[in-house]
Amino acid sequence: MVSQWQVLRAAPRLAAQLRAPAQRRLASNLPSAAGAGAGAGENAFVAERRHIKEHAASTTELWRKIAIYGVPVCLVLGGVNAYTLWNEHWEHWSHMPPLEERVEYPYQNIRTKNYTWGDGDKTLFWNPSVNYHNHDKTK
């Protein structure tokens, strides 16, 4: 026997299945004959979707303008800043004593075993114009 709970649970689904064909037949995307204007026959859903499309178009246009006019300016300003800082950095290095005369502290260039490349003393990213290692100074 079918319980009351099963009937109550199935009733909304049954009503929706019976109502759906009639709603599909009566639904139309054509404008109503009452008004020939832009908003004629437009329900809230269609108006909201139209508003979303207009908003998306304006937002897309804003970000397109930012990308075309704003980003290149920021890149140029960032490049000028980087170039200026780069020159200031090397200007500072030109006033420092030569690499051979600098103090080498015991915690710098610690080697527990030799590297497998080169002479075994230089790291993979060794730059001879910046890095210097003298075995005699650290012992």
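One can find the structure itself at the top, above this paragraph.
So, a few notes on the structure that sits alongside this text. (Residues numbered from 1 in each chain as written. Predicted model: local features only at pLDDT ≥ 70, side-chain atom pairs only at ≥ 80, totals over all residues. Heavy atoms only, no water.)

Bringing the packing of aromatic side chains into the picture now. A complete count under the given rule lists 3 aromatic pairs for this structure. With centroids separated by 5.8 Å and ring planes inclined at 65 degrees, the aromatic side chains of W86 and W90 adopt a geometry described as edge-to-face. Placement of both W86 and W90 in helix α2 (residues 44-94) is noted, with a separation of 4 residues, approximately one turn of the helix. We classify W86 as exposed; its relative accessible area is 52%. Relative to W117, the ring of Y115 has its centre 5.1 Å away and its plane inclined at 15 degrees; by these criteria the two rings are stacked. (Phe/Tyr/Trp six-rings, centres within 6.5 Å; stacked < 30°, edge-to-face > 60°. Helix = DSSP H or I, 4+ residues; strand = E, 2+ residues; numbered from the N terminus. Buried < 20%, exposed > 50% of the residue type's maximum accessible area, 1.4 Å probe, protein only.)

Quick look at a nonpolar patch on the surface now. Nonpolar side chains collect at one region of the surface, where L62, W63, I66, V71 and L75 lie side by side and expose about 510 Å² of accessible area between them. Structurally, W63 is set in helix α2. (Patch = residues over 30% accessible without salt bridge, like charges linked within 9 Å, V, L, I, M, F, W, Y side chains within 5 Å. Areas by Shrake-Rupley, 256 points an atom, 1.4 Å probe, with all protein chains shown as cover. Salt bridge = Lys/Arg side-chain N within 4 Å of Asp/Glu carboxyl O.)

Volume-wise, the largest pocket comes out at about 210 Å³. Around the largest pocket, the lining is made up of 12 residues, and of these R102, V103, Q108, V130 and Y132 lie nearest the centre. (1 Å grid on protein atoms, 1.4 Å probe; cavity = no way out; pocket = protein on both sides within 12 Å on 5 of 7 lines; lining within 4 Å. Points joined across faces, edges and corners; volume = space filled by probe spheres on them.)

Per the stated rule, a full pass over the model turns up 3 salt bridges. Linking R64 and E61 is a salt bridge whose minimum nitrogen-to-oxygen distance equals 2.8 Å. With R64 and E61 both in helix α2, this residue pair falls 3 residues apart, about one helical turn. When its relative accessible area of 43% is taken as the criterion, R64 is described as partly exposed. Linking K122 and D119 is a salt bridge whose minimum nitrogen-to-oxygen distance equals 3.1 Å.

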